[in-house]
Amino acid sequence: FYADEGYAAVKVQVARAGDFTVDEAAVNVPFAVTIEEGHLYKLGSVHLPADSLVTQAEVDKIAAQQTSTTTQAAVPSKGAAIRGIWATISARYKAKGYLDCTIVPHPELDEAASVVNYTVEIKPGAIYRLGLLRVDNVSDDLRKLLMRNWQMMPGDPFDESYVAGFLMAAQKSDPVLTRTLAGVKPTYTVMADPQTHEVN
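Residues numbered from 1 in each chain as written. Predicted model: local features only at pLDDT ≥ 70, side-chain atom pairs only at ≥ 80, totals over all residues. Heavy atoms only, no water.

Draft legend 1. Region of interest: the pattern of salt bridges. What the rule picks out here adds up to 4 salt bridges. Here Asp136 and Arg134 are joined by a salt bridge, their closest N and O atoms 3.1 Å apart. Owing to a relative accessible area of 42%, Asp136 belongs among the partly exposed residues under this scheme. Take Arg134: its relative accessible area is 62%, and that puts it in the exposed class. (Salt bridge = Lys/Arg side-chain N within 4 Å of Asp/Glu carboxyl O. Buried < 20%, exposed > 50% of the residue type's maximum accessible area, 1.4 Å probe, protein only.)

Structure (structure tokens):
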């Protein structure tokens, strides 16, 4: 939380603060938390690996939202822009099937200028692929119509954003589906197997 608010050098220490107690509902362990927030840092640059699926220009555009349009001075490194950078990278990788992707930002502090620069490490993991697609609680005719519109084939890298937007996109392109699905509230369940990297 502190880092997200611009305190990039925050130090948090946690220590047991006494003996635990046991009652019918829980085992209670007391802790003492000490926070050294340090000072606010301005956002400098965010450097991506050369083979990143997100371009440096895209990240620079999001980071530029942290710059004042009137003074062109950097503002504290906090809030939506920082989260937006990490979320954009994560979403891009997950759309390509890298469901286990982790983003590790390494802050580099310029104490004299109170600026934090980030070097981003991306660990994509394995590609998950679509296995089985099943459509429940519809008629056979509607199921066939939906399957004709479905574009992600078994073996393709799994993209959950495609699943989430499928019915809306299908209705826009098919007037029969527009009429048939009026008022229907769809739900979907994604079952990803970390061993086989298959998604049903």
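There's more to say after this.
Draft legend 2. Quick look at the layout of surface pockets. Quantified by volume, the largest pocket comes out at close to 870 Å³. For the largest pocket, the lining is made up of 29 residues, of which Arg134, Val135, Thr187, Tyr188 and Thr189 are closest to its centre. Every element with two or more residues in the lining of the largest pocket is listed here: α3 (140-149) and α4 (160-173). For the lining of the largest pocket, the element with the most residues is α4, which contributes 7 residues. In the lining of the largest pocket, the residues fall into 21 nonpolar, 5 polar and 3 charged. (1 Å grid on protein atoms, 1.4 Å probe; cavity = no way out; pocket = protein on both sides within 12 Å on 5 of 7 lines; lining within 4 Å. Points joined across faces, edges and corners; volume = space filled by probe spheres on them. Helix = DSSP H or I, 4+ residues; strand = E, 2+ residues; numbered from the N terminus. Nonpolar A, V, L, I, M, F, W, Y, C, P; charged D, E, K, R; others polar.)

Draft legend 3. Seen up close, the environment of Lys96. Positionally, Lys96 belongs in the loop between α2 (80-95) and β6 (102-110). Expressed as a C-alpha distance, the spacing of Lys96 and Thr21, which sit 75 residues apart in the sequence, is 48 Å. If we ignore the near neighbours within four places in the chain, the residues touching Lys96 are Leu53, Ile127, Pro157 and Phe158. (Contact = heavy atoms within 4.5 Å.)

Draft legend 4. Quick peek at α4. Relative to the 20 Å expected for 14 residues at 1.5 Å per residue, α4 spans 20 Å between its end C-alpha atoms, a close match to the ideal helical length. Of all the bends in α4, the greatest, near 50°, is centred on Phe166. Those residues of α4 not exposed but buried are Val163, Phe166, Leu167 and Ala170. Buried positions along α4 lie against α3 and α5 (175-180). (Expected span 1.5 Å × (residues − 1). Bend = angle between axes of the 7 residues up to and from the residue.)

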